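If you want the building blocks of each chain, they are given just below.
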Amino acid sequence: MLFRSKMAGWGSGNKWSLLGGMRAVAQLVSYEIPVGLAVAGVVLWCGTMDLHAIVGQQYHPGVFSLLGWNLLQSPFLALLGCVLFLAGLAECQRTPFDMSEAESELVSGFNTEYSGLRWGMFAMAEYTEMLLVGALVATLFLGGYQSPIGEEWIVGLPVFVETVIHVTIFVAKIMASFLFMMWIRWTLPRFRVDQVMRLCWLTLVPLCLVSLFGIALTMLAAGGAENGVAYGRLPARLQPTLGVVGHLISWAVPMALGLLIIRLARKKHGQVHPALRQLTGGGA
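So, a few notes on the structure that sits alongside this text. (Residues numbered from 1 in each chain as written. Predicted model: local features only at pLDDT ≥ 70, side-chain atom pairs only at ≥ 80, totals over all residues. Heavy atoms only, no water.)

**Here we look at the overall build of the protein chain**
Alright, step 1. Each helix and strand counted, the protein chain has eleven helices and two strands in total.
Alright, step 2. Across the protein chain, helices and strands are ordered from the amino to the carboxyl terminus as α-α-α-α-α-α-α-α-α-β-β-α-α.
Alright, step 3. Out of the 284 residues in the protein chain, the part that is buried amounts to 42%.
Alright, step 4. At a minimum sequence separation of 6, the contacts of the protein chain that also span at least 24 residues come to 76%.
Alright, step 5. By element, 72% of the accessible surface of the protein chain is carried by carbon and sulfur atoms, the whole surface being about 15,300 Å². (Helix = DSSP H or I, 4+ residues; strand = E, 2+ residues; numbered from the N terminus. Buried < 20%, exposed > 50% of the residue type's maximum accessible area, 1.4 Å probe, protein only. Contact = heavy atoms within 4.5 Å. Areas by Shrake-Rupley, 256 points an atom, 1.4 Å probe, with all protein chains shown as cover.)

**A closer look at the packing of aromatic side chains**
Alright, step 1. Taken as a whole, this structure holds five aromatic pairs when the rule is applied.
Alright, step 2. Measuring from centroid to centroid gives 5.3 Å for Phe85 and Phe180, while their planes differ by 40°, and the two rings are tilted. With a gap of 95 residues between them, Phe85 in helix 4 (residues 75–92) and Phe180 in helix 8 (residues 159–187) connect regions that are remote in the sequence.
Alright, step 3. Residue Phe180 is classed as partly exposed on the basis of its relative accessible area of 39%.
Alright, step 4. Connected via pairs of aromatic rings, a cluster forms that spans Tyr31, Phe97 and Phe191. (Phe/Tyr/Trp six-rings, centres within 6.5 Å; stacked < 30°, edge-to-face > 60°.)

**Quick look at the side chain of Gln27**
Alright, step 1. Within the fold, Gln27 resides in helix 2 (residues 15–46).
Alright, step 2. Of the polar contacts made by the side chain of Gln27, one reaches the backbone oxygen of Phe97; its length is 2.9 Å. (Polar contact = N/O pair within 3.5 Å; in protein donor to acceptor, adjacent residues only side chain to side chain.)

**Details of unusual backbone geometry**
Alright, step 1. For Gln93, which is not glycine, the phi torsion reads 55° and is therefore positive.
Alright, step 2. Here Gln93 lies in the loop between helix 4 and helix 5 (103–106).

**Notes on the layout of surface pockets**
Alright, step 1. Here the second largest pocket defines a volume of roughly 510 Å³.
Alright, step 2. His60, Leu67, Gln73, Gln239 and His247 are the residues nearest the centre of the second largest pocket, which is lined by 23 residues in total.
Alright, step 3. Contributions of two or more residues to the lining of the second largest pocket are made by helix 2, helix 3 (51–57), strand 2 (238–240) and helix 10 (243–269).
Alright, step 4. Taken together, the residues that form the lining of the second largest pocket break down as ten nonpolar, twelve polar and one charged. (1 Å grid on protein atoms, 1.4 Å probe; cavity = no way out; pocket = protein on both sides within 12 Å on 5 of 7 lines; lining within 4 Å. Points joined across faces, edges and corners; volume = space filled by probe spheres on them. Nonpolar A, V, L, I, M, F, W, Y, C, P; charged D, E, K, R; others polar.)

**Observations regarding helix 9 (residues 193–222)**
Alright, step 1. Between the first and last C-alpha of helix 9 there are 42 Å, a value that for 30 residues agrees with the 44 Å anticipated at 1.5 Å per step.
Alright, step 2. At Leu199, helix 9 shows its largest bend, some 30°.
Alright, step 3. The set of residues buried in helix 9 consists of Gln195, Val196, Cys200, Leu204, Val205, Cys208, Ser211, Leu212, Gly214, Ile215, Thr218 and Ala222. (Expected span 1.5 Å × (residues − 1). Bend = angle between axes of the 7 residues up to and from the residue.)

**Comments concerning the pattern of salt bridges**
Alright, step 1. According to the stated counting rule, one finds two salt bridges in the structure shown.
Alright, step 2. The partner of Glu126 in a salt bridge is Arg94, with the nearest N and O atoms 2.7 Å apart. Of this pair, Glu126 sits in helix 6 (residues 116–141) while Arg94 sits in the loop between helix 4 and helix 5, placing them 32 residues apart in sequence.
Alright, step 3. Here Asp194 and Arg198 are joined by a salt bridge, their closest N and O atoms 3.5 Å apart. Linking Asp194 with Arg198, this pair stays in helix 9, spanning four residues, or about one helical turn.
Alright, step 4. By relative accessible area, which is 29% here, Asp194 ends up partly exposed.
Alright, step 5. By relative accessible area, Arg198 is classed as partly exposed at 41%. (Salt bridge = Lys/Arg side-chain N within 4 Å of Asp/Glu carboxyl O.)

**Here's the deal with the environment of Phe85**
Alright, step 1. Classification of Phe85 as buried rests on a relative accessible area of 11%.
Alright, step 2. The sequence separation of Phe85 and Val35 amounts to 50 residues, and the corresponding C-alpha distance is 8.6 Å.
Alright, step 3. In this structure Phe85 touches Val137, Ser177, Phe180, Met181 and Ile184, once residues within four positions along its chain are discounted.

**Overview of the environment of Gln146**
Alright, step 1. Within the secondary structure, Gln146 is located in the loop between helix 6 and helix 7 (151–155).
Alright, step 2. Measuring from C-alpha to C-alpha, the distance between Gln146 and His60 comes to 9.7 Å, with 86 residues separating the pair along the chain.
Alright, step 3. Dropping the residues within four chain positions of it, Gln146 is found in contact with Val55, Gly56, Gln58, Tyr59, Trp69, Glu151, Ile169, Lys173 and Tyr231.

**Some thoughts on the nonpolar core**
For soluble globular proteins, nonpolar side chains are generally found buried alongside one another.
Alright, step 1. Counting 38 residues, the largest nonpolar core has Tyr31, Val42, Leu80, Leu84 and Phe97 as the members making the most contacts within it.
Alright, step 2. Those elements that provide at least two residues to this core are helix 2, helix 4, helix 6, helix 8 and helix 9.
Alright, step 3. Considering every element that reaches this core, the biggest residue donor is helix 4, with ten residues.
Alright, step 4. What Tyr31 contacts, discounting residues up to four positions off in sequence, is Ala87, Ala90, Glu91, Phe97, Val196, Leu199, Cys200 and Leu204. (Core = buried A, V, L, I, M, F, W, Y, C linked by side-chain atoms within 4.5 Å.)

**Here's the deal with a nonpolar patch on the surface**
Alright, step 1. On the surface, Val63, Phe64, Leu67, Leu72, Ile149 and Trp153 cluster together to form a nonpolar patch covering roughly 610 Å² of accessible area.
Alright, step 2. Along the chain, the position of Ile149 falls in the loop between helix 6 and helix 7. (Patch = residues over 30% accessible without salt bridge, like charges linked within 9 Å, V, L, I, M, F, W, Y side chains within 5 Å.)

**Details of the environment of Ile149**
Alright, step 1. A C-alpha to C-alpha distance of 9.9 Å links Ile149 and His60, two positions 89 residues apart in sequence.
Alright, step 2. Contact partners of Ile149, with chain neighbours within four places excluded, come to Val63 and Ser65.

Purely geometric stuff here, so don't read any function into it on its own.
Structure, rendered in structure tokens:
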């Protein structure tokens, strides 16, 4: 994506396209950082970089298989999942982060001089990246190809039937993320370039660092690890031993602090933050 935007702006011979390519590169380089930090949080929690092992570690026996998904293990992991999705939108240059291609900004940005099949290749690359972001979010936070309900019985089916069901579930999760990205494009207004960069460096990156620190504290407070449940052909892996009380505390304390911060922010700025009020035209 980075190479595509830069070379397209440079090779077009148009100064506006070159400027759009430079803005696209600045955006993509910036948002690679929260993406990497969000993935690092999952790696820290699971203790592995193997995507298949990360999916297997999210397995939870019983009726409600989704209770083992990383999205529900910690509020910090849930926050990292949201950050990864937003940063993925920016990486795909989708609304509201499509300022590098905005027709109202730079005459369609770095792809101004391209039409026909060449423009179609840009569009195909964008939608392919959307599918990739959906697959990454599903794998790291939504149990991968696991079913939210009844995964224990699916594993016991014949291999061919199990494979078909798991592929269907995984594609359904990817398409849900894909359709959500399209819905956002129809709903939200476009950010300005300064708002895009400010969101990355002053909001998403600090949230990722706080989440990494919170995950580390949660694992330290667990006091140890134990073998989880073997999943399919994957052996059991070590998991933090939080227990029911530990999970309740790990959710209650961050949520209470978050509500306190929101209350203080509303007391200082009112119900709507000044930046959001300015974006939506509610104030000068």
